[in-house]
Amino acid sequence: MADRYEPSSFEQKWRKRWDDADLFRTREEPGREKFYGMDFFPYPSGAGLSVGHCRNFVPTDVICRMKFMQGHNVLHPMGFDAFGLPAENEAIKRRSHPEPMIEQYAANYRRQMDLIGISYDWSRSFASSDPTYYKWTQWIFELLFRRGLAYRKLAAVNWDPVDKTVLADEEVVAGRAERSGALVEKKWIPQWFFKITEYADRLIDDLDGLDWPEGIKTQQRNWIGRSEGVQFSMPVVALTDDAYARIISGEPQPAAKQSEPRHSELEAIEAELRSTGFEPAADAAKAEKARLLHESLNRSSDQISSSSVQDGIEKAVERMQAKMPELEIVRTERRPSFEVFTTRIDTVFGMTFCVLAPEHPVVDRIASMVDPAHAEAIHAYQTVAKAVSDADRQAAQREKTGVFTGAYAINPVNDQPVPIWIADYVLATYGTGAIMAVPAHDQRDFDFAVKYGLDVRPVIKPDGPYLAGASPLGADEALDAYLKDPKSFNPVFESKSSTLINSGRYTGDTVSDAQRRLAEWMESRGIGERKVQYKLRDWLISRQRYWGCPIPVIHAADGEMQLVPEECLPVELPRVEHYEPTGDGTSPLAHIPEYVNTTDLDGRLGKRETDTMGGFACSSWYFLRFTDPHDADHAWTKALADAWMPVDCYVGGAEHAVMHLLYARFWTKVFYDAGLVSVKEPFKRLENQGQVLGYTPYRKVREGEKLDVGEDGVLVSFEQAAKLPPSEVTWRWARMSKSKGNVVTPDEMVEQYGADALRLYLLFKAPFNADINWENKGVEDLSKFLNRVFRFVAAVQPNFAAEWRDLIGFEELGAEERAVRRATHQTIRDVTADIERFSFNTYVAWLMKYLNALNDALGKTGAAPTRASALVMSEAVETLVLLLAPGAPFSADELWESIGKQGLTMHQEWPQFDAALASEDEITVAIQVNGKLRDTLRMDASADRDTLESAAKGSAKVQTHLEGKTIVKVIVVPGKLVNIVAK
RNA sequence: GCCCGGGUGGUGAAACGGUAGACACAGAGGACUUAAAAUCCUUUGCCGAUAAGGCGUGCGGGUUCGAGUCCCGCCCCGGGCACCA
């Protein structure tokens, strides 16, 4: 047999034998435990697989192969996420159709996966663009629609006014279209949504039971962003700046104000009247002013969503009327007001201004009631804000901007007017699109207040550490200084562990008491209510593109929407020559009359929906299709899904941490509610692999050159880099991509070093979830390890005793033989546990260590071993090959055959370890004095506490360190160490 | 700004709160060879002398008999983001 690793001599042979044996076809034998191991399905690109893709395929393959050998029925499928923008764009460029192109790419992926020996059951494979698959994606759309979870509403798309096309977020760079360079506009069109927000609580709660990386779970919780708070109403009033100043200065301090708070509008008007010396009966001119003022309060607003809030305002008007019957109250319209949501209602007395998103509907009404100069500023700011893309508005460390509207809102708890600003750091899409600003206790509000000279009013007493950290003064002086000039303290105090100050009758309350009491007070007054708010928004699935799953809806002439009957599914994509974007923002499908024009079941004319579904729809249920991939009559059979689900181990990149995984979880819950599956969660365990980075040359920037966002050098090819002077070139590790020219393919690695060397390198180089800096040299190193394995097996082979299992019990084993068996069984134990816990680098390390131990033992016995050593070596060589099999399956089968064993390693039973054989007779015990290592002793493994303690005290080294000290205490950890504490 | 990860020898990395550096690479020395490659052996955290001893897991504190590991406060690097009130 060969005593070297020569992969080219046997890889092809084993690929064929595996194929002939149909080795990877899913076993479905009753009575066996199931294991469903799955990789994220890839998008098949023309560049083919890089070694980066293999980063998760190989480890998943290792665990699936081990599970199979352990006797599980293993489902290990692979498919292709074929719909999407890149395929469509490439096909347009190539003037071909995406379908045959995708088929060709997928075939190449499959070839490459087979090349490196991944054990996929190809009989279950499909692409998401297969009509037999997307028929059921459409069926699921209809399921969601019927359950009230799919709806249409207006939503903005990125519109390129030059190319006249809708752009994906990805195609917008710094507010401009990537291709045309045009400033991207917003265009509002009706689009389809799935109501994922309805499942927000369940999507948070069920995370607890999942065996996922904590970081990913946290990211999902943060994405859903459940927060409990209070939403309350703020009426808008128009005041002159002077009037505002007088009200503020004339008001008693909130802390001293003990009377029952009155309604804000009334208070504001009264204050205004009083401040001008108004007496209703005596001064007609001032009565007229009051009337005008009042009228401005009566502008209509649809911002009042809660009837209880409306009631509250009506009552206030009634009170006002009672107080000033001479005023004519116009009741025909509602007063402008808006709602704010806050999680920190306890800080409401610290509100010194409020901020509306520039798009907030009430802003236009405000503009119409303030003086022209302010109105103009508002419109100017709105225009600017509109031009800035969402992404840029939310970009990091952006300078906050905003303008004062000229109007005021009334803080309902102390009746004080606060100026209303508009600023784009408040988003129209989250919460109510309006905030109360408490600069003393919110960093963003603080920054804004500092920039625009707005007041900062502390209402939570800062604790000692905060003040001490921010000031060299003593605690009392620091508190005084803080209350006098909070703006000089930064960062702001946001802690919830203190009590309130300057907060009327809530002063002295703890934060949590104040939150509860304020919420109750607002609810009892009808001013506001407790509310749970989510960051999560509904899932927008519409795409104005050709290459996606058609949405199975017909719009009847009367505007009614009907689902395409199930028996008419799938709605197939028409095979057409042209599917370029249409120039009017609609899908290319809209320009294919034979597709669009159709009739419904009753024979009425209708038009098909022409949007397609975004790719996340296709990937939200494919794991279920794998359980029953050929069923023409159902998406899946419940019994089969129940047999396989959940996916026991789902492996892919962390870049899908939120969206894909959240959508798949959402759909699974819908299926559960519909009785289609028995699991509430699709993926029991999730693992994220690290990236593979390629060594990439960059050239220094030359004068006059501009860099792309986020780059600090110009990407150059390897050829260009070789020609440049070394000082011009910097090398960096960067994600492998075709455009960077740093891609290493599995094909070249297999060619050069063999599939198993590539597989072991990927496993060994770094922990599974850490990034790998790719080095060909490393693959070579692992091929050398395989060389040593081949050499060892060849050396043992002449004395190999296939019947060792039956004979080994009858032999008297010496210390050497017992040591070999111990290594064997320890290795089985450690390897099995480490594959299970995705610690593949140590899996390979144990095999290396084991081989080293076996080679040492072999060196001692020499060419003429005793019967006993031949038997333990036979056990060892068999074990080594079987433990190697999941990681290096080609080599394992070759070695298995070379020692005369029948069959394939996959069909062998995974070795089991014997705890008695794995245990050590003698152990090294660490002897510490005061926690510092002073000596180590070899001791019998069964030595008890007393034996250990006296042995430790007997150590000469220990005694020198104990000189002149008294032993206070002795800690004995049997099997580990003795720690003598002495003074 | 917010969120999530990380910081351990020359390098990739190991390490249930219990002997820090397993396993490998690179380096040094040696064997074999005309020579090289390949292979094999020895050695390698730092200071110190090949000793004794001391120092060492980003920094500063703390808990503990004992901390890379747990707690508090920082610094730096990477990734993500929808400035989420």
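Student: How should I be thinking about the overall build of chain A in this particular structure?
Tutor: When you go through chain A residue by residue, the secondary structure sums to 35 helices and 32 strands. Put simply, of all contacts in chain A between residues at least 6 apart along the chain, 75% involve residues at least 24 apart. Carbon and sulfur atoms make up 51% of the accessible area of chain A, which amounts to about 43600 Å² in all.

Student: Just checking my understanding: could you explain the nonpolar core for this structure?
Tutor: Generally speaking, soluble globular proteins have nonpolar side chains that are buried together. Core analysis: the largest hydrophobic core is formed by 185 residues, its most contacted members being F141, Y622, F623, F666, W667, W774 and F792. With eleven residues, helix α31 (residues 867-884) is the largest single contributor of residues to this core. Once residues lying within four places of it in the same chain are set aside, the contact partners of W774 are V51, V692, L693, W733, M736, V744, M749, L758, Y761, L762 and V779. Within the second largest apolar cluster, 67 residues are counted, among which are F232, I345, Y408 and F448.

Student: How do you make sense of the pattern of salt bridges when you look at a structure like this?
Tutor: As enumerated under the stated definition, the model contains 52 salt bridges in all. For E214, the salt bridge is made with K217, and the minimal N-O distance between the two is 3.5 Å. Taken together, the positions of E214 and K217, both in helix α7 (residues 214-224) and three residues apart, correspond to about one turn of that helix. A cluster of three or more residues bridged by salt bridges with shared partners is formed by K13, R17, E894 and E897.

Student: What is the right way to look at the sheet that holds strand β3 (residues 150-160) in this model?
Tutor: Each strand in a sheet pairs with another by means of backbone hydrogen bonds, the pair being arranged parallel or else antiparallel. Taken in spatial order, the four strands line up as β4-β3-β7-β15 in an open sheet, and their pairing is antiparallel. Edge positions in the sheet fall to β4 (165-167) and β15 (539-540), since each of these pairs with one other strand and no more. By the bridge criterion, three bridges tie β3 to β4 in an arrangement that is antiparallel. Counterpart to D160 in the pairing with β4 is T165. Its contacts with the sheet put helix α5 (residues 131-146) on β3 and β7 (185-194), and the angle it makes with β7 is roughly 85°.

Student: Can you walk me through helix α26 (residues 755-764) in this structure?
Tutor: Note: α-helices contain 3.6 residues per turn, so residues at a spacing of three or four share the same orientation. Within α26, nine of the ten residues are buried, leaving the element largely enclosed by the surrounding structure. Among the residues making up α26, those that are buried are A755, D756, A757, L758, R759, L760, Y761, L762 and L763.

Student: Before we go on, may I ask you to explain the sheet that holds strand β32 (residues 977-982) in this structure?
Tutor: Strand order in the open sheet formed by four strands is β30-β29-β32-β31, and the pairing between neighbours is mixed. Looking at strand neighbours, the two that pair on one side only are β30 (932-940) and β31 (967-973), the edges of this open sheet. Ignoring which end each strand starts from, the neighbouring axes of this sheet average 20° apart. The strands touched by helix α34 (residues 945-954) are β29 (922-929), β30, β31 and β32; relative to β31, the strand with the most contacts, the crossing angle is about 125°.

Student: Explain the pairing of strand β21 (residues 605-608) here, please?
Tutor: Along any regular strand the residues' side chains alternate between the sheet's two faces. Relative to β21, strand β18 (residues 553-556) is paired through three bridges, and the arrangement is antiparallel. Pairing of A556 across the sheet is with G606, part of β21. Two elements, strand β20 (residues 597-599) and β21, share three bridges in a ladder whose sense is antiparallel. Across the sheet, the residue bridging to T598 is G606, located in β21. Remark: five residues form the turn of the hairpin made by β20 and β21, two consecutive strands paired antiparallel; G603 in that turn has positive phi of roughly 85°.

Student: Quick question: what am I supposed to make of the packing of helix α2 (residues 54-69) against helix α29 (residues 815-836) here?
Tutor: Packed helix pairs are characterised by how far apart their axes lie and by the angle those axes make with each other. The geometry of α2 relative to α29 is characterised by a closest axis approach of 10 Å and an angle of 125° between their N-to-C directions. One element, α2, and the other, α29, form an angle in the oblique class. The handedness of the crossing between α2 and α29 is left-handed. On α29, the residues touching V62, I63, M66 and K67 of α2 are T832, I835 and E836. Of the residues belonging to the contact of α2 with α29, the class tally is four nonpolar, one polar and two charged.

Student: Even after reading the chapter, I still don't get the packing of aromatic side chains, so can you show me in this structure?
Tutor: Each aromatic ring pair is summarised here by two numbers: the centre-to-centre distance and the angle between the ring planes. Taken as a whole and assessed by the stated rule, the structure comprises 49 aromatic pairs. Over the face of the ring belonging to Y595 we find R608, whose NZ or CZ atom lies 5.6 Å from the ring centre.

Student: Please clarify how the confidence of the model for chain A should be interpreted in this entry.
Tutor: For residues with low pLDDT, the predicted coordinates do not support detailed interpretation. On average, residues of chain A score 83 in pLDDT, and 85% of them are at 70 or above. Predicted confidence is poor over residues 271-316, with pLDDT under 50, and the contacts of this stretch with residues over four places away or in other chains come to 93 contacts. In the predicted structure, residues 325-333 sits below a pLDDT of 50 and forms 16 contacts with residues beyond four places in sequence or in another chain. Interface predicted TM-score (ipTM) for the complex: 0.94; the corresponding pTM is 0.84.

Student: In this structure, what is going on with the environment of L933? I would like to understand it.
Tutor: With respect to the helices and strands, L933 occurs in strand β30. Placed 46 residues apart in sequence, L933 and N979 show a C-alpha to C-alpha distance of 8.5 Å. Setting aside residues no more than four positions away along its own chain, L933 makes contact with A926, I927 and Q928.

Student: Would you explain a nonpolar patch on the surface in this entry?
Tutor: Where nonpolar side chains cluster on the molecular surface, the patch consists of Y695, W731 and W733 and spans about 300 Å² of accessible area. Take W731: it is sitting in strand β27 (residues 729-735). Overall, W731 belongs to the partly exposed group, its relative accessible area being 36%.

Student: Sorry, what's going on with the pairing of strand β1 (residues 34-39) here?
Tutor: Taken across its six residues, β1 has five buried, putting it largely inside the fold. Here three bridges tie β1 to strand β2 (residues 73-75), and the two strands are oriented parallel to one another. Each bridged residue has a counterpart across the sheet, and for F35 the counterpart in β2 is V74. In this fold, the crossover linking β1 to β2 by way of α2 has right-handed handedness. Bridge count for β1 against strand β23 (residues 649-653) is three bridges, and the pairing is parallel.

The rules behind each value
Residues numbered from 1 in each chain as written. Chains lettered and ligands numbered in written order. Predicted model: local features only at pLDDT ≥ 70, side-chain atom pairs only at ≥ 80, totals over all residues. Heavy atoms only, no water. Helix = DSSP H or I, 4+ residues; strand = E, 2+ residues; numbered from the N terminus. Contact = heavy atoms within 4.5 Å. Areas by Shrake-Rupley, 256 points an atom, 1.4 Å probe, with all protein chains shown as cover. Core = buried A, V, L, I, M, F, W, Y, C linked by side-chain atoms within 4.5 Å. Buried < 20%, exposed > 50% of the residue type's maximum accessible area, 1.4 Å probe, protein only. Salt bridge = Lys/Arg side-chain N within 4 Å of Asp/Glu carboxyl O. Pairing = 2+ DSSP bridges. Axes fitted to C-alpha atoms, helices over the stretch in contact; angles between N-to-C directions. Parallel < 35°, antiparallel > 145°, perpendicular 65-115°, else oblique. Left-handed = near helix turned anticlockwise from the far one by under 90°. Nonpolar A, V, L, I, M, F, W, Y, C, P; charged D, E, K, R; others polar. Phe/Tyr/Trp six-rings, centres within 6.5 Å; stacked < 30°, edge-to-face > 60°. Lys NZ or Arg CZ within 6 Å of the ring centre and 35° of its normal. pLDDT = per-residue confidence, 0-100. Patch = residues over 30% accessible without salt bridge, like charges linked within 9 Å, V, L, I, M, F, W, Y side chains within 5 Å. Right-handed = clockwise from strand over helix to strand, strands pointing away.

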